[in-house]
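So the chains spell out like this:
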Amino acid sequence: MSDLTWQFIIKFIIVGDAGVGKSSILIRFTDSRFLANPDPTLGVEFGSKLVHLADEDKTIKVQIWDTAGAEQFRSITRSYYRGAAGALLVYDATSRTSFNNAKSWLQDVREHADPNLTCILVANKLDLLQEGEEGDRRRAVTKEEAAAWANEEGLLFLEGSAKTGENIEEAFESAVRDILDKIKRGV
Ligand code: GDP
């Protein structure tokens, strides 16, 4: 598909604790790859991909900004949030701390980003929970608890894996659909 065919461009940001898999989600989505040992000092900063919605007859250029390690210092600046229509709020499904911290990441987003921003909560590393009994023991947050919190806060919610690719495209696609819907409704 030529780069000239898109009709909309949508900026996404990815927030969440260091190590939850933000760069991995970006690489999986834009490049269909997974790196088991990414260099933590080489945070990916930016990626883009065309998303075609056949039923809507629309092609959207999704632009994604990653924190490139800045989250470790809580130094994410306003310019990072500026112009974003969508946010992926990521936690690691095996880390309770990262889920608890998702609450303060959401506060940060609400403070700095557009109030109409579409936010999707993504429980990453689902693959680690799919290894039988041992996987069950690794789960730090039940799907019900996360879904209930997302619902309370008006967030979309999916569990997925940058490693296997499960639900990564779906996460972006459902957020894009929500954003297009807001545009149609003039919100
Ligand atoms: P970031 O700091 O949030 O950008 O996290 P990274 O993308 O650098 O990932 C941190 C670590 O988690 C790396 O070792 C990744 O390979 C690993 N990782 C990321 N996503 C997944 C996943 O879906 N499943 C598994 N098993 N490991 C993952």
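Predicted, not measured: the structure shown is a model, and the values here were computed from it.

Undergrad: Whenever I open this one, the packing of helix H1 (residues 22-31) against helix H6 (residues 168-185) confuses me. Can you help?
TA: Angle between the axes and distance between the axes are the two parameters that describe a pair of packed helices. Orientation of H1 relative to H6, taken along the N-to-C sense of each, is 85°, at an axis distance of 9 Å. The orientation of H1 with respect to H6, classified from their angle, is roughly perpendicular. Residue-level contacts link Ile25, Arg28 and Phe29 of H1 to Ile168, Glu169 and Phe172 of H6.

Undergrad: How do you make sense of the site of the ligand when you look at a structure like this?
TA: Every one of the 20 residues lining the ligand counts as a neighbour, but Gly19, Lys22, Ser23, Ser24 and Asp127 are closest to it. Lys22 has a polar side-chain atom sitting 2.8 Å from an oxygen atom of the ligand. Within the side chain of Asn124, one N or O atom sits 3.1 Å away from a nitrogen atom of the ligand. Examining the composition of the shell around the ligand, we find that 3 residues originate from one element, H1, more than from any other. Residue composition of the shell around the ligand, by class: 8 nonpolar, 6 polar and 6 charged.

Undergrad: I would appreciate a short explanation of the packing of helix H3 (residues 96-112) against helix H5 (residues 143-153) in the present structure.
TA: At a minimum axis separation of 13 Å, H3 and H5 run at an interaxial angle of 10°. Our classification of the angle between H3 and H5 gives roughly parallel. Each of Arg96, Phe99, Ala102, Lys103, Leu106 and Arg110 in H3 lies in contact with H5, whose residues at this interface are Glu145, Ala146, Trp149 and Glu153. Of the residues in the contact of H3 with H5, the class split is 5 nonpolar, no polar and 5 charged.

Undergrad: Just to check I follow, could you spell out the pattern of salt bridges for this structure?
TA: Two side chains that carry opposite charge are able to pair once their charged atoms sit near each other. Within the structure shown, the criterion is met by 14 salt bridges. A salt bridge links Lys58 to Glu56; the nearest nitrogen and oxygen atoms lie 3.7 Å apart. When its relative accessible area of 23% is taken as the criterion, Glu56 is described as partly exposed. Asp92 is the salt-bridge partner of Lys125, the closest N and O atoms lying 3.4 Å from each other. Highlighted residues: Lys125 in the loop between strand S5 (118-124) and helix H4 (132-138) and Asp92 in strand S4 (residues 86-92), separated in sequence by 33 residues.

Undergrad: Before we go on, may I ask you to explain the pairing of strand S1 (residues 8-15) in this structure?
TA: On a regular strand, one side chain projects to one face of the sheet and the next to the other, so that they alternate. Within S1, 6 of the 8 residues are buried, leaving the element largely enclosed by the surrounding structure. With 6 bridges connecting them, S1 and strand S3 (residues 58-65) associate as parallel partners. Among the inter-strand pairings, Ile10 is bridged to a residue of S3, identified as Val62. Judged from the 4 bridges that link them, S1 and S4 form a sheet pairing that is parallel. Within S4, the position partnered with Phe12 by the bridge is Gly86.

Scoring rules and cut-offs
Residues numbered from 1 in each chain as written. Predicted model: local features only at pLDDT ≥ 70, side-chain atom pairs only at ≥ 80, totals over all residues. Heavy atoms only, no water. Axes fitted to C-alpha atoms, helices over the stretch in contact; angles between N-to-C directions. Helix = DSSP H or I, 4+ residues; strand = E, 2+ residues; numbered from the N terminus. Parallel < 35°, antiparallel > 145°, perpendicular 65-115°, else oblique. Contact = heavy atoms within 4.5 Å. Near = heavy atom within 4 Å. Polar contact = N/O pair within 3.5 Å; in protein donor to acceptor, adjacent residues only side chain to side chain. Nonpolar A, V, L, I, M, F, W, Y, C, P; charged D, E, K, R; others polar. Salt bridge = Lys/Arg side-chain N within 4 Å of Asp/Glu carboxyl O. Buried < 20%, exposed > 50% of the residue type's maximum accessible area, 1.4 Å probe, protein only. Pairing = 2+ DSSP bridges.

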